[in-house]
Amino acid sequence: MSHYQVIKNRRTLLERAEKFISDVYFTDCNLRGRLYGSSCPVESLSSFLTPKRIPFSEAEKQTFQLAKVGDSFGPTWWTCWFKVSLCIPEAWKGKEVHFLWESDGEGMVWRDGQPVQGLTKEGQKTSYVLTESLTDEEPHSLCLYVELACNGLFGAGQGSMIAPPDPDRKYSLQRAELVVFNRGVDELLVDFEMLVDIVKLLGENDQRGFQALFTANEMVNVCDVTNPNSFLAARKLAKKFFSQKNGESQHVVHAMGHCHIDTAWLWPYEETIRKCARSWVTAIRLMEKNADFIFTCSQAQQLEWVKQWYPGLYSQIQHFASRGQFVPVGGTWVEMDGNLPSGESMVRQFLEGQRFFHKEFGRYCTEFWLPDTFGYSAQLPQIMQGCGITRFLTQKLSWNLINKFPHSTFFWEGLDGSQVLTHFPPGDSYEMKCKVEDLLNSVRNNKDKGRANHSAVLFGYGDGGGGPTQRMLQRLERVRDTDGLPRVQMSSPDQLFSALEADSTLLCTWTGELFLELHNGSYTTQAQIKKGNRQCETLLHDIEVVSSLALSRNPSFQYPADWLHKLWRLLLLNQFHDVIPGTCIEMVVQDALKYYQEIRSAGAELLQEVCRSLLAEKGVHEGKEGSPSLALNTLPWERSEVIQLPGGAAEPTLALVKVPSVGIAAVTESIEPDCPVSVSTQADGTVVMENGILRVTVDKAGRVASICLVNSNREAIAGGCFGNQFVMFDDVPLYWDAWDVMDYHLQTRKPVSGVIHPVEVVHSGGLRGSVKFSLRISEKSSISQELVLDARCPYVKFHTEVDWQESHKFLKVEFPLRVRSPNATYEIQFGHLQRPTHWNTSWDWARFEVWGHKWADLSEHGFGVALLNDCKYGYSVLRNTLTLSLLRAPKSPDATADMGQHQFTYAVMPHTGSFQEAAVIQNAYNLNFPLRLLPKETGSPQTGSWSAFSLSSSAIILETIKQAEDRKDALVLRMFESHGSSASAMLCSALPLKEALFCDLLERPDATHPAPITASGISLTFTPFQIVSLLVILK
Ligand SMILES: [Zn+2]
């Protein structure tokens, strides 16, 4: 230590050290000012602009025009390619030389036709290392290309990050030169930075902080910035401090590099492909230099893109994956939304993802990875377990607006009781920077102190890509084991979770969903995306069912596996956690809608083709004009429904048809309904419709004054209230516009009351009764609706059209019910759950807006009312009012979100008994999977109807019938227990089944667990909400 006396003034000592490394102050005489030595301009610089994202091979053939530093280029989303000639001065022999490039656009350096380095100023990446020590042998003259995207790390938001992109933004080149990089200065800067942070963060009550303070101070004393030989003494002082070790009990931080890349968000899908390449090539450079650097990478789709567009980079990725440095994680196709995708969609996320990882990297992922998603379905633990995954990492619940989630490391127990070990990095981020603060937060914020002594630090710039930097690795390297800080080791997720598993006896268990108390508007935003998702899930389901039936009847049938993979992957892609929630820019919405359109049109054609094959195999030949139609039911129960026959010009022809489960029936003539629908108009304009099950009274304004169950004479609507009451709310969140609806919006409720056209009768009864009306929402927006009551149907449908031209408004529809219950029930993936209808505690009122799938139900003992829908996901139930969220009007990041025409249907189903006994679940499926009339040319007389599968228990739903991935002669049948009960069922089939085996969700059969096929079928047992998959081999 210095022999000079050091005055007791912590502040001056600390600030002295800070100024010594400041990049703002005193750079003429401080250490930071010495980071770069000599510099020289590039020899020549030329560029060309293109609106397209083109491959390198095409770019290098273009004509480049002279360019210079200071030039700007654009507009947004274009690409500027630069050709750069460099000549490294001879005099720099022995020096480390960097190519320095600063721009507000995201860049990629190409050398010899290969991508070699991502350059993004916002991600602290501005240099490409040309040599670490220049030798005479290496080339001094080089030609590089820089592909510069005209967008920043976070797109091109005008003013604020999430504002819609500015289409005319210009980007500039601020620096392009060669510099000598002083490695010695750089290392010393890291020492100083870590010491200064330790002083600040350990504070005045910690003696270790003072030890850091005096170390830093003495380092300044011994450093002569003009004499690099003096640095060694300073570094020795730092090393002495950093190598003073912890005791054995210290917390262990498992650092893992990560780069969260949103598959589309404030930039389109196409730009993400380049973001992946820029981020990952940078990570590869770091792996080359740092042999223990581990980088975790999720989302099979992104790897698939890089494989296709950057094969050279992809083979390097595979190389580093085989060395265990590049670690694929997650197991899913994309990091999907955790709430809205259907159960089968979630299975497919894993099926497509895990099969990709296994094929490309030789192993299945063992951790599910979803750090940035807006809540997590209670069914995920079972789905993970079924896909070979027992561990889960996220951190998003740290965003909760109201309640602090009580655990960091815990067992998460799903709907069926499945458990997965779950870890929330206590640093509350998936893009830490390895600063002292991140390390200390990992200990201090850990909510399982004494229970779990390990935690993850995910480091690297994220969201827009970027990833880790050399500086982050230097920081970690200093404090591997430094007294006062947690121990740090570079780990794979497997190492972290293995350490947690090894000492898990004190861990707590959280049962049920992980609900995010934020972003609850995302259940409703971008209604067309939600509708596209639901309808395409339905369509792919139906194509798979029919294709499987066709295959089972004719082994030479070409199951359209390739097509289905392609369409499924498009659907899964749009389930990304900023796309299906509707929190993306307009460009992404357009891409997403285009993909849904592709699925719809290719899917419709495919369905027609496979139907034709199925019927041909059933001995049904091309029909003639006038021959009857066939109706197809892809659901596993018999249905009697009114359908509309094609052909009828003015008056649509209706028919009541009965179609067996997973089967076909000829539509020869309509069945006579035992009770036809009656429609009568009262003197006051009120219309009453009745079908023997329900009696519905609609007032002139389209409000439902009464829905009565005829047999029990039980009224569903609360006394003095109206159902089907549209309500508008002001919807101005605090910041996250497309994401958030805040609790206070509820204080702005205004009923929609302006009648444009009062109720009038459309269908006057018989097979169908219906009335229509229209309402004015505002000067610009209106609703028209047809209320439909069909013969034999236990629910009344509300076909709705909205012309929506609002700003920051929220449209909902309310049903105040004559039901009292502390809980309402909502459908989720492969099951349902309950949430409170009151606001007792903060955990209750935080759920003022919740998500559900095809139905929600409010029941008391013996009676209840279900609200079904065909494309909505947002609900709320407070006391006795069941509310469906219909449309929002946020303006960021898409200024046009939800503007225009909308069509959707919801339905109300009062019932006696429980919703399980009343078949609410089945009826919600019926609404979403309408009976399909097979194409006319395939229709021809056939004897009787035909059913492929049926189940003896109404609790069991046969959700999926598809060809097995690895066996062309086998089907996979996926069933689940839907009532929340222990159940047994007999699965009967008319198909030629040879053998059946239980299999997991990845379709891996369990050879020790056959499912015997007897004359009466396959006998199955289920625990509550259990998902069971069978691999069935065809004869
Ligand atoms: Zn994200």
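The shown structure was predicted, so the numbers you read here are calculated from the model rather than taken from an experiment. (Residues numbered from 1 in each chain as written. Predicted model: local features only at pLDDT ≥ 70, side-chain atom pairs only at ≥ 80, totals over all residues. Heavy atoms only, no water.)

## Notes on the pairing of strand β24 (residues 653–659)
Keep this limit in mind: Exposure categories follow from relative accessible area, calculated using a 1.4 Å probe and restricted to protein chains: below 20% of the type maximum is buried, above 50% is exposed, and the middle band is partly exposed. Counting from the N terminus, the helices are the DSSP runs of H or I reaching at least four residues and the strands are the DSSP runs of E reaching at least two. Think of it this way: DSSP has to see at least two bridges between two strands before they count as a pair.
Burial within β24 is extensive, with 5 of its 7 residues counted as buried. As paired elements, strand β23 (residues 639–645) and β24 share 7 bridges and run antiparallel to each other. Directly across from V642, in β24, lies its bridge partner L656.

## Quick look at the sheet that holds strand β52 (residues 993–999)
Here is the rule we go by: Fitted lines through C-alpha atoms give the axes, limited to the stretch in contact for helices. The angle between two N-to-C directions lies from 0 to 180 degrees. When checking whether two residues touch, look at their non-hydrogen atoms; a contact exists if any pair is within 4.5 Å.
Strand order in the open sheet formed by 5 strands is β49-β50-β56-β52-β53, and the pairing between neighbours is antiparallel. Because the sheet does not close on itself, it has two edges, and the strands there are β49 (956–963) and β53 (1005–1010). In this sheet, adjacent strand axes meet at a mean angle of 35° when their direction is disregarded. Two strands pair when backbone bridges link them, and β52 and strand β56 (residues 1027–1034) are joined in this way by 6 bridges, in the antiparallel orientation. Residue pairing across strands places F998 opposite L1030, the latter belonging to β56. Along the sheet, helix α14 (residues 527–553) makes contact with β49, β50 (970–977) and β56, crossing β49 at roughly 65°.

## Regarding the packing of aromatic side chains
Quick note on the threshold: Note on ring pairs: Phe, Tyr and Trp rings are taken, using the six-membered ring of Trp, and paired if centres are within 6.5 Å. Classes follow the plane angle, with under 30 degrees stacked, over 60 edge-to-face and the rest tilted. Look at NZ for Lys and CZ for Arg. If either is within 6 Å of the ring centre and within 35 degrees of the ring normal, a charge sits over the ring.
Here the structure, examined in full by the defined rule, presents 45 aromatic pairs. On the basis of an interplanar angle of 80° and a centroid distance of 5.8 Å, the ring pair of F241 and F242 is categorised as edge-to-face. For the pair F241 and F242, one class covers both residues: buried. Between F830 and F976, the ring centres sit 5.3 Å apart and the planes meet at 65°, which makes this aromatic pair edge-to-face. Of this pair, F830 sits in the loop between β38 (823–828) and β39 (831–836) while F976 sits in strand β50, and the two are 146 residues apart along the sequence. Each member of the pair, F830 as well as F976, carries the same accessibility label: buried. The rings of F48, F56, F64, W81, W110, Y145 and Y310 are connected pair by pair, giving a single aromatic cluster. The aromatic ring of Y925 is capped on one face by K854, whose charged end is 3.9 Å from the ring centroid.

## Notes on the sheet that holds strand β2 (residues 44–50)
Strand order in the open sheet formed by 6 strands is β3-β2-β5-β10-β7-β8, with antiparallel pairing between adjacent strands. With one partner strand each, in any of the chains shown, β3 (65–66) and β8 (114–119) form the two edges of the open sheet. Where strand β7 (residues 106–111) and strand β10 (residues 141–149) come together, 5 bridges link them in antiparallel fashion. Among the inter-strand pairings, M108 is bridged to a residue of β10, identified as E147.

## Considering the packing of helix α3 (residues 183–202) against helix α4 (residues 207–222)
Put simply, the rule reads: Crossing handedness follows the turn of the near helix against the far one: under a right angle anticlockwise gives a left-handed crossing, and clockwise gives a right-handed one. By the convention adopted, Pro, Cys, Tyr, Trp, Phe, Met, Ile, Leu, Val and Ala count as nonpolar, Lys, Arg, Asp and Glu as charged, and the other residues, Gly among them, as polar.
It is the contact of α3 with α4, at a shortest axis distance of 8 Å, that shows an interaxial angle of 145°. Along this stretch, α3 crosses α4, giving a crossing that reads as left-handed. For the pair formed by α3 and α4, the contact residues are L188, D191, F192, L195, I198, V199 and L202 on the first element and R208, G209, A212, L213, T215, A216, M219 and V220 on the second. The class makeup of the residues in the contact of α3 with α4 is 11 nonpolar, 2 polar and 2 charged.

## Observations regarding the UniProt feature "domain: Glycoside hydrolase family 38 central" (unreviewed entry) in the chain
Convention followed: UniProt positions are given in the numbering used here, feature names are shortened, and annotations may be inferred rather than shown by experiment.
The sites that carry the UniProt feature "domain: Glycoside hydrolase family 38 central" (unreviewed entry) are, in the present numbering, residues 517–596. In this annotation, residues 517–596 is assigned 64% helix and 0% strand; the end-to-end C-alpha distance for the span is 30 Å.

## Brief notes about the environment of K797
Put simply, the rule reads: Distance and chemistry together define a polar contact, namely a pair of N or O atoms within 3.5 Å, with one atom able to donate a hydrogen and the other to accept it when in protein, and with adjacent residues in sequence counting only for side-chain atoms on both sides.
Take K797: it is sitting in strand β36 (residues 796–804). As a C-alpha pair, K797 and V710 span 87 residues in sequence and 17 Å in three-dimensional space. In this view, K797 contacts R768, E786, L787, V788, D790, T905, Y906, A907 and L927; residues no more than four positions away in its chain are not counted. Within the local environment of K797, its side chain forms a polar contact with the side chain of D790, the two groups lying 3.2 Å apart.

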